[in-house]
Amino acid sequence: MNVIILTSNSEKHGVFWQSKLAAIYPASLVINVFEDWPQGAGNWLGTLNAWKQAQIIAWEKYGRKLEQEMEEGASVALYHTAGKGQRMYPLTAVEKFNKSAIKLPCGVTEPQTLLESVIKQTSLLSEYRKGRLSVFWTDQLFLTDNKPDISKASVRVMCQKRPFPSIEQWESGLWSQYGVIGIGEDGCLRHLEKVDYQTAKHYSLSGIALSLGDFSISSTFLKQLMAEFAAELESKQTQMDVESFLLMPATLSIEDYRSLRAQKGVSPQESDAHFGRIQRLLQKYGNFSYALEDIGSKGKWWDFGSVENYYHSLMSMCNQKELREFLYPKMPKQPTHLDLDEASILVNCSIHSGKVRNSILYNVQANRVDCNEVLAIDVEAPTLYGDHALVYEVQSGDPLILEKDGLRADLTVDDRKIVMYTHIDKDPRADWNRKIEGNPYCYRELAEQE
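Rules of the game
Residues numbered from 1 in each chain as written. Predicted model: local features only at pLDDT ≥ 70, side-chain atom pairs only at ≥ 80, totals over all residues. Heavy atoms only, no water. Phe/Tyr/Trp six-rings, centres within 6.5 Å; stacked < 30°, edge-to-face > 60°. Buried < 20%, exposed > 50% of the residue type's maximum accessible area, 1.4 Å probe, protein only. Helix = DSSP H or I, 4+ residues; strand = E, 2+ residues; numbered from the N terminus. Lys NZ or Arg CZ within 6 Å of the ring centre and 35° of its normal. Disulfide = S-S within 2.5 Å. Core = buried A, V, L, I, M, F, W, Y, C linked by side-chain atoms within 4.5 Å. Contact = heavy atoms within 4.5 Å. Pairing = 2+ DSSP bridges. Right-handed = clockwise from strand over helix to strand, strands pointing away. Arc of directions from axis to C-beta. Salt bridge = Lys/Arg side-chain N within 4 Å of Asp/Glu carboxyl O.

## Some remarks on the packing of aromatic side chains
The geometry of two aromatic rings is summed up by the distance between their centres and the angle between their planes. Counted according to the given criterion, the structure contains 15 aromatic pairs. Both rings, one in phenylalanine 164 and one in tryptophan 170, keep their centres 6.3 Å apart while their planes meet at 25°; by these two values the pair is stacked. Among the residues examined, tryptophan 170 registers a relative accessible area of 2% and is labelled buried. Centroid distance phenylalanine 221 to tyrosine 285: 4.9 Å. Interplanar angle 55°. Geometry classified as tilted. On the criterion of sequence distance, the pair formed by phenylalanine 221 in helix 8 (residues 219-228) and tyrosine 285 in helix 12 (residues 268-285) is long-range, its members being 64 residues apart. Of the residues examined, tyrosine 285 reaches a relative accessible area of 19% and is grouped as buried. By way of ring pairs, the aromatic residues Phe164, Trp170, Trp175 and Tyr197 are connected into one cluster. Over the ring of phenylalanine 326 we find lysine 120; its NZ or CZ atom is 4.9 Å from the centre of that ring. For the cation-ring pair, arginine 261 lies above phenylalanine 245, with the distance from its terminal atom to the ring centre recorded as 5.0 Å.

## Concerning the state of the cysteines
Taken as a whole and judged by the stated rule, the model has 0 disulfides. Left unpaired, cysteine 159 is separated from the closest cysteine sulfur, that of cysteine 188, by 15 Å.

## Details of the nonpolar core
By size, the foremost hydrophobic cluster in this structure holds 79 residues, and its most contacted members are Tyr79 and Tyr310. At 5 residues, helix 13 (residues 307-315) tops the list of elements feeding residues into this core. When residues no more than four places from it in sequence are discounted, the contact partners of tyrosine 310 are Met88, Leu91, Ile102, Lys103, Leu104, Asp303, Phe304, Leu375, Ile377, Leu390 and Tyr392. With 48 residues, the next largest nonpolar core counts Leu222, Met226, Leu247 and Leu292 among its residues.

## Brief notes about the pairing of strand 1 (residues 3-8)
Among the 6 residues that make up strand 1, 6 are buried, leaving the element largely enclosed by the rest of the structure. Neither face of strand 1 is exposed, since Val3, Ile5 and Thr7 on one face and Ile4, Leu6 and Ser8 on the opposite face are all buried. Strand direction decides the pairing type here: strand 1 and strand 3 (residues 75-80), joined by 5 bridges, are parallel. Residue pairing for strand 3: leucine 6 is matched across the bridge by tyrosine 79. Sheet topology note: the strand 1/strand 2 (residues 29-34) ladder contains 6 bridges and is parallel. Following the sheet pairing, valine 3 is matched in strand 2 by leucine 29. For the handedness criterion, the β-α-β arrangement of strand 1, helix 1 (residues 11-24) and strand 2 is classed as right-handed.

## A closer look at helix 11 (residues 254-262)
Restricting attention to buried positions, one finds in helix 11 the residues Asp256, Tyr257, Leu260 and Arg261. Buried positions in helix 11, seen along its axis, are confined to an arc of 125° and lie on one side of it. Each element contacted by the buried residues of helix 11 is listed here: strand 10 (189-192), helix 7 (197-203), helix 10 (242-251) and helix 12.

## Some details on the pattern of salt bridges
A full pass over the atoms with the stated rule returns 23 salt bridges. Measuring nitrogen to oxygen at the nearest pair gives 2.9 Å for the salt bridge that ties arginine 408 to aspartate 410. The exposure classification of arginine 408 matches that of aspartate 410, with both residues buried. Salt bridges linked by common partners bring Lys20, Glu110 and Glu116 together as one network.

The structure is reproduced here in structure tokens:
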């Protein structure tokens, strides 16, 4: 990417990423912007606000005109790192409340962060994103099986086209948690926010696509959007997400938009007013087009947005090659003195003896281990025993024994060591205000110590 823009929660996080990424990508202009929006901007206004701030910083600090550079063919990528990272607690807290700094079990001398991995993966698309602003979330990785789209569509959305699922597949795959695009018999695309099975089926007459959330905007359309939403960017009082406030009113009929927004508690009058606003914008622009950028039926997508997904996505490396080959272009030599199966991966470990099955151990120092389906990152203990468990940043002088589905993560706040326990499949948001037995704080109290 010619230009890398980061949004962050705090100036402290911004300084961290600015320094780290500028060293990794010296040929790119790296700009960090702080989301100074009192109640949160939503991912749509947050995107426009970040672009506005980045242009100001680029001109005042570097004498560069980003809008002009993009119009002339520069590839610009915006990575959203702002957010509380609640679904990733307690790991978010371990990384000084910086969710994009959560580690993956790869890297030669130190773990690679989630954001670094996302930038590495999405930079593969840079050549095909000239003259566009590409917007990425930092809690997922994907590898495309299709030739990248080089169309000049006003908006292109990353997705994966799939056969329409049965209701059982819909529910087991948690499809209601993701945006989808209905594909009509006439090829017409209808962008939907998170909807239930019957609603999706109504709009998906010949096919469906699961939205990855990432999208890109042409430089000409972005210029029009900045003018349209200038008042909101000035007042910083409104929240808008890209699906509900741009993509849905741009691709649905007024009746469908009104109906779907009513499911979210929005009045017909409010829906009609915004729908009319977007339609007038598109008419003024005059050449709006919306396209899907399909990663292909054999493309791979890994969600790292929750502790449970983080664990399962990484553990997929034990039996699938795609993520393993991306994170480990050159597989580290595995130890021969341990009882180690072929599925497991050990990196930068010093372990004297033990048995390892279907596990991933990174920077683990122990005399003896007995691990089955264990993900361990930066762990030091006399012994490590676990079955289907996650251990993250733990240094213990006592034997470390994890119960099935257990999770332990240690952090330091003001020179105080805090030990946190939970289970892999527990939603941290459900425990946000409730202290789990054995923990010194609930997650809300932990977050307040930032």
